[in-house]
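What follows is each chain in one-letter form.
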Amino acid sequence: MPFIPHTETEISEMLAAIGAPSIDALFDEIPAALRIKSLAAIPDALSEMEVGRLMQARASQDGRPLNFLGAGAYEHHIPAAVWAIVTRGEFYSAYTPYQAEASQGTLQLLYEYQSMMSSLTGMEVSNASLYDGASALAEACLMAVRAHRKSKSARIVVPSTLNPTYLSVSRAVVEGQNLSFTVLPYESGKGTLQFSTLEALKGEDLTAVVIQQPNFFGQMEDVDAITDWAHANNALVIAVVNPLSLALFKPPGEWGTKGVDIVVGDGQPFGVPLSSGGPYFGFMTTRMEHVRQMPGRIIGRTVDLDGKQGFTLTLQAREQHIRRSKATSNICTNQGLLVTAATIHMSLLGAAGLESVAATSQRQTSKLIEKLTRIPGVKLAFDGYRFHEAVLQLPVKVREVLDALAERNIVGGLDLSNLYPELGNALLVCATETRTDADLDTYAIALTDIVTGVVERNR
Amino acid sequence: MSHISEPLIFKHSRTGRSAVGQYPQGATAQVPEKFRRRKRAALPEVSELQAVRHFTRLSQLNFSIDTHFYPLGSCTMKYNPRACNAFAMLPEFLGRHPLAPDSVSQGFLACLYELQEMLKDVTGMKGVSLTPMAGAQGEFAGVAMIRAYHKARNDLERTEIIVPDAAHGTNPATATMCGCTVVEIPSLPNGDIDIDALKGALGPKTAGIMLTNPSTLGVFERRIQEVAKLVHDAGGLLYYDGANLNAILGKVRPGDMGFDVIHMNLHKTFSTPHGGGGPGSGAVGVGQRLLPFLPIPTVGKDGDNYRWLDEKDVPQTIGRLSAFMGNAGVLLRAYVYMRMLGREGMHRVAEFSALNANYLLARLKKAGFDAAYPERRASHEFIITMKRQAKELGVNAMDFAKRLLDYGYHAPTTYFPLLVPECLLIEPTETEAKEELDGFVDALIAIQAEAEQDAAKVKGAPYTLPVRRLDDVRAAKQLDLTYGMRSTE
């Protein structure tokens, strides 16, 4: 029996100790009419070797296409040491550190993580993670409503340059709680928030303004001006950031005169493989004054009976297992194992390493844009400074191009034509440090072929 | 387990040191002044070996399933098969971008589609969505669907969610998060729901009821069919909290009991790792009435072709709960686990978790410990209460729990459920061998003897772990949440 150690003798001994005639008798409190008749949809058991063969066949079917897609999930090199340690049973198969004395490894690691994320984002405190970047933004919106007691509107302002999925998820998560979202347009040609539409809200009761930096298009927003405007107009500021970009860019804690109030994002670029979208982890940092409104686990350093340093879950009075219906959130588990990966990743690379990865990614994206915009009819949608993503406009339908690229084993980017129809045949592309110059050429050659082919066919 | 403390990683840091081999060299960014970071983040500067050694040593300060018996009630700490991890981490799966076209995703989508089908079958539901990223998010999805159902019928007054007093804290917290009010009902002394109290709570405002069955008291709700009829007749829906699904897997299905919606903790019942507090995975299953509201995306099949289903296919969906497809890698692990158990293995999960729990209960009762529900069968878990020891010896449930750590056993869940005083909620799971259970009983017997002879010894435990009991009050009052926040190090 897979994973069940009992011998026939032991089963008999155990039943005798219980005083039950059979294992089936242990279920005698369940009404007989409810008992399962059959499980027709479950196939026969496979051995480890057989299931391995099946999974390898499934994996091979998908292959390993050359990837130029980002849009919130980024392919970076992960040092071999990261997952060798993450998958150690002591991390992999432990649970939430309720018994602090038996969980000092996880707890100390989380404390180190909180320290690193606070410094990276320029904020005072961090929680021990949330589910992912999108749900972290939803939690940040709810937190802003709790933290900003003077604002009665529960109205959140978001630019349309925010990752559209982050907005969808936020809407779904806060649905029952009377929050409203005001979406502001971007400036065409620039791909950044149209500031005048923000200024038009002057005098209105706004709970928070959300800024994504770099934004969904990969462009850089004027974060100082937006932050200062929001604060001058009594709104909190929620920053959504790619943590890797903070190796190069000004941390949200330093935006404007006062810095932002809450920072969230997806930690995936730090040691977490693409893996079809998860598990990733969401991070959240904030000012000390808001720490009691922050959702999720928080680890504190303290001392034991002998005065020795130790780590423990703290501020638990915010949480569901204590506060029940009055908790700050229903969140219970977070993404501890992925935080483990990120903490090891940050430690291995250090600030200098992350800076180098960010700079190389930016450089490879610039090179890619240069190569692709040489193709007749392909142009950049927006001017201005950008990180490692860009929006291209193609002379032909993006869907067709992406399908043709997929046939050549290239994942060419994200089709924006449904999300932003006003941009026409728009394609969001990304290159990280993992794309070599030869990879960029492969993409450019394929795209040239395909675009020229389609243009000629349409003629 | 190691008992030697490890300094914070920042203590190993030296300016200019780094694991140079781990990152590309040569690129420098030209960042305009207004965007430029002025001072590098205070990340550690260590060599690869120092990082590896540091985190390996930290790992050795943990109890885990791989190293210790971990009978944490309500958490189902069963063995996490290594094969599940290995096959979910094949390079093709790890490298797949979540938004890659369906044409290069058929292998992955096939696994998810089949997982949906298998989960439908074991729960007796009509549809499954795999996107919720944890149990609490699955609960959220469930209650949000109940709300959406009533709204779609223009039955707008239904905003009350009934929750038994024994429920997990996430249940009332979830109801609040969904904009509902919580109506709590008591349990009877025998652990069953108080049907009269339920009748009193039901009415035109009832949106639904959230139940765990077997309940958190470790016993099966025997009148579940009657409960289901009452709730349905009142116009409400039934939500099944899958925290305790391990107890009934392959034996009885929530759908057959009358539940309209269920969340499953794949990290419990389907053996994906707990990872020191996540990732979890809280897939939801629904009956016919809630099918139109399932969170997206789900996986559909047209002929031989798998594809994502989104707003266009499920226009009344409660929406997206994650940026992509939930905790996809966790789903692959659960898929491998279910394929390895197969049809004939499903019911063994409930059988052997019940055998282990009832054996442990029988032995502890015989050894003189007090079961909270001595007349009832244990499900996959059970409660003993240390009320007598606390009163007579001054040694409480937490003292027993901490002393167990010295004996090499992770403590059971303590002080939950809240309505049983001085309780230990014990869940051995099906993957533990008899001698491990016997060792645990022997340890509790030994601690009982210690408590009778030298209460202070038990109250001072643990002694053999990296730290002794921690000052939680200080942790909350003198907040020290990041390196450098308090002390001058």
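Rules used in this analysis
Residues numbered from 1 in each chain as written. Chains lettered and ligands numbered in written order. Predicted model: local features only at pLDDT ≥ 70, side-chain atom pairs only at ≥ 80, totals over all residues. Axes fitted to C-alpha atoms, helices over the stretch in contact; angles between N-to-C directions. Helix = DSSP H or I, 4+ residues; strand = E, 2+ residues; numbered from the N terminus. Parallel < 35°, antiparallel > 145°, perpendicular 65-115°, else oblique. Contact = placed C-beta atoms within 7 Å. Nonpolar A, V, L, I, M, F, W, Y, C, P; charged D, E, K, R; others polar. Pairing = 2+ DSSP bridges. Domains from an automatic or database assignment. Core = buried A, V, L, I, M, F, W, Y, C linked by C-beta atoms within 7 Å. Buried ≥ 20, exposed ≤ 12 C-beta atoms within 10 Å, placed from the backbone.

Colleague: Help me understand the packing of helix H2 (residues 48-62) of chain A against helix H4 (residues 106-123) of chain B in this model?
Modeller: Each pair of packed helices can be described by the angle between their axes along with the distance between the axes. Contact geometry of H2 of chain A with H4 of chain B gives a least axis separation of 6 Å together with a crossing angle of 135°. Here H4 of chain B runs oblique to H2 of chain A, going by the angle between their axes. Contacts between H2 of chain A and H4 of chain B pair Arg58, Ala59, Gln61 and Asp62 of chain A from the former with Gln106, Gly107, Phe108, Ala110 and Cys111 of chain B from the latter. Of the residues assigned to the contact of H2 of chain A with H4 of chain B, the class counts are four nonpolar, three polar and two charged.

Colleague: Where do I start with the interface of chain B and chain A in this structure?
Modeller: How big an interface is tends to be stated in terms of accessible area lost as the parts join. If you look at the interface, chain B gives 167 residues, while chain A gives 163 residues. A total of 21 residues in the side of chain B that touches chain A trace back to one element, the largest contributor, which is helix H10 (residues 328-366) of chain B. The residue makeup of the side of chain B that touches chain A, split by class, is 88 nonpolar, 44 polar and 35 charged.

Colleague: Explain the sheet that holds strand E17 (residues 426-430) of chain A to me, please; I cannot follow it from the model alone.
Modeller: In sheet architecture, strand pairing relies on hydrogen bonds along the backbone and comes in two forms, parallel and antiparallel. Residue and element names in this part refer to chain A. If you walk across this open sheet you meet the four strands as E13-E14-E17-E16, and the pairing is antiparallel. Looking along the sheet, the strands with just one partner apiece sit at the ends: strand E13 (379-380) and strand E16 (414-415). Strand direction decides the pairing type here: strand E14 (residues 389-393) and E17, joined by five bridges, are antiparallel. Directly across from Val391, in E17, lies its bridge partner Leu428. Where helix H11 (residues 336-372) meets the sheet, it contacts E13, E14 and E17, and its direction lies at approximately 10° from that of E14.

Colleague: Looking at this structure, how should I read the domain arrangement of chain A?
Modeller: Residue and element names in this part refer to chain A. Partitioning chain A into domains gives domain 1 (66-75 + 350-458) and domain 2 (80-344). When each unit is reduced to the centre of its C-alpha atoms, the spacing between domain 1 and domain 2 is 29 Å. Each partner contributes residues to the interface: domain 1 has 22 residues there, and domain 2 has 22 residues. It is H11 that provides the largest number of residues to the side of domain 1 that touches domain 2, a total of six residues. Residues that form the side of domain 1 that touches domain 2 fall into these classes: 14 nonpolar, three polar and five charged.

Colleague: What am I meant to see in the sheet that holds strand E2 (residues 160-164) of chain B here?
Modeller: Residues and elements named next belong to chain B. On the basis of which strands lie adjacent, the open sheet formed by seven strands has the order E1-E7-E6-E5-E4-E2-E3 and mixed pairing. A strand with exactly one partner marks an edge of an open sheet, and here the two such strands are strand E1 (127-129) and strand E3 (181-185). On average, adjacent strands in this sheet sit at an angle of 20° to one another, irrespective of strand direction. As judged from the three bridges shared by strand E6 (residues 261-264) and strand E7 (residues 284-286), these two strands associate in the antiparallel manner. Within E7, the position partnered with Ile262 by the bridge is Gly285. Together, E1, E6 and E7 form the strand contacts of H4, whose direction differs from that of E1 by roughly 125°.

Colleague: For this particular structure, what's the right way to read the domain arrangement of chain B?
Modeller: Here the domain parsing of chain B yields domain 1 (9-59), domain 2 (83-341) and domain 3 (349-473). The straight-line distance from the C-alpha centre of domain 1 of chain B to that of domain 3 of chain B is 45 Å.

Colleague: For this particular structure, what's the right way to read the nonpolar core?
Modeller: The nonpolar side chains of a soluble globular protein tend to be buried with one another. Counting residues in hydrophobic clusters, the biggest one holds 318 residues, and the most contacted among them are Cys141, Ala208 and Ile238 of chain A together with Val261 and Val336 of chain B. Ranked by the residues each element gives to this core, the list is headed by H10 of chain B, at 23 residues. Leave out the neighbours within four places in its chain, and Cys141 of chain A touches Ile156, Ser170, Val174, Leu179 and Ala208 of chain A.

Colleague: What's the story with the pairing of strand E13 (residues 423-426) of chain B in this structure? I'm lost.
Modeller: Here is the key point about a regular strand: its side chains alternate between the two faces of the sheet. All names here are of chain B. Side chains Cys423 and Leu425 project from E13 onto one buried face, and the interleaved Leu424 and Ile426 project onto a second face that is buried too. Across four bridges, the pairing between strand E11 (residues 382-385) and E13 is antiparallel. Among the inter-strand pairings, Thr385 is bridged to a residue of E13, identified as Cys423. Bridge count between strand E12 (residues 413-414) and E13: two bridges; the pairing is antiparallel. Paired with Thr414 across the bridge in E13 is Leu424.

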